[in-house]
Amino acid sequence: MPEDNPVFLVDPYSTPVAVRIAGRASFQNVVPLKEFLKNSYASGKRDFVFDFSQCAGMDSTVLGVLAGCALELRRLEPKGSLVLSRLNDRNLELVKNLGLHRIATVDTGDDKVASGVGATTALNSKQLNELENARLCLEAHENLVAADSGNQEKFQDVIAYLKNRVEDEA
């Protein structure tokens, strides 16, 4: 599987909804995942498990989309849950450094939480134009700050740049 062409595999009918990330996840390919999550909430899905066993790496935009998912699930009635499962050391470090372990459950390998085994349906890729991409990245980074105020300092320059970019085009 090429590293530049990651795949988000899902099982939308499982409980919890299973999502497997295969390859490298980044701002360039996270749109189908974000849309899938949004559609899932709208259809009443509240519980998700993400399997990172095949994830080669991820950037802060992907982590921001996950943070947005966790925050949204907390706002819904009934509340939902987000489980991050089978993280390698590097991905676990990223999750903890950005505070996602405080708003999602991190499965530490005790096998009590389901994995994304049934996730076999690939989400279709969608390309964004430059402005849409800037909006996606801005929202994701704002989600990271909402998830953990300590992220404000880490991402203040990125957020300021993206806000200017979005406002200039609007």
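First things first, this report covers the structure right here in the doc. Only a predicted model underlies this, so the values are computations on that prediction, with no experimental measurement involved. (Residues numbered from 1 in each chain as written. Predicted model: local features only at pLDDT ≥ 70, side-chain atom pairs only at ≥ 80, totals over all residues. Heavy atoms only, no water.)

A word on the overall build of the protein chain. The helix and strand inventory of the protein chain stands at five helices and six strands. At 15 Å, the protein chain has a C-alpha radius of gyration in line with the 15 Å of a compact globule built from 170 residues. For the C-alpha atoms alone, the extent of the protein chain along its principal axes is close to 45 × 35 × 30 Å. A separation threshold of at least 6 residues defines the contact pool for the protein chain, and within that pool the share at least 24 residues apart is 73%. Counting only carbon and sulfur atoms, one obtains 46% of the accessible surface of the protein chain, whose full area is about 9000 Å². Distance between charge centroids for the protein chain: 4 Å, based on 19 positive and 24 negative side chains. (Helix = DSSP H or I, 4+ residues; strand = E, 2+ residues; numbered from the N terminus. Rg over C-alpha atoms; globule rule 2.2 N^0.38 Å. Contact = heavy atoms within 4.5 Å. Areas by Shrake-Rupley, 256 points an atom, 1.4 Å probe, with all protein chains shown as cover. Lys, Arg positive; Asp, Glu negative; His and termini not counted. Charge placed at Lys NZ, Arg CZ, Asp CG, Glu CD.)

For the rest of this paragraph, the subject is helix α4 (residues 130-147). Each α-helix winds once per 3.6 residues, and so residues spaced three or four apart point in a common direction. In this model α4 runs 26 Å from its N-terminal to its C-terminal C-alpha over 18 residues, within 8% of the 26 Å that 1.5 Å per residue would give. At its buried positions, α4 is contacted by α1 (31-42), α2 (60-75) and α5 (151-169). Taking the backbone nitrogen of Leu131 as reference, a side-chain oxygen 3.0 Å away marks Asn129 as the first, capping residue of α4. (Expected span 1.5 Å × (residues − 1). Polar contact = N/O pair within 3.5 Å; in protein donor to acceptor, adjacent residues only side chain to side chain.)

Before going further, it helps to examine the packing of aromatic side chains. Across all of its chains, the model carries two aromatic pairs by this definition. Look at Tyr41 and Phe48: their rings are 6.0 Å apart centre to centre, the planes differ by 85°, and that puts the pair in the edge-to-face class. Here Tyr41 falls in the buried class, since its relative accessible area comes to 14%. Judged by its relative accessible area of 0%, Phe48 falls in the buried class. (Phe/Tyr/Trp six-rings, centres within 6.5 Å; stacked < 30°, edge-to-face > 60°. Buried < 20%, exposed > 50% of the residue type's maximum accessible area, 1.4 Å probe, protein only.)

So, on to the nonpolar core. Ranked by internal contacts, the top residues of the largest apolar core, which has 50 residues, are Leu37, Phe50, Phe52, Met58, Leu82 and Leu84. Residues Leu9, Ala18, Val49 and Ala119 belong to the second largest nonpolar core, which totals five residues. (Core = buried A, V, L, I, M, F, W, Y, C linked by side-chain atoms within 4.5 Å.)

As paired strands, strand β2 (residues 17-25) and strand β3 (residues 47-58) are joined by eight bridges and run parallel to one another. Opposite Val17, over in β3, you have Phe48 as the bridge partner. In this view, the connection linking β2 to its parallel neighbour β3 by way of α1 has right-handed handedness. Handedness of the β-α-β unit built from β3, α2 and strand β4 (residues 81-85) comes out right-handed. (Pairing = 2+ DSSP bridges. Right-handed = clockwise from strand over helix to strand, strands pointing away.)

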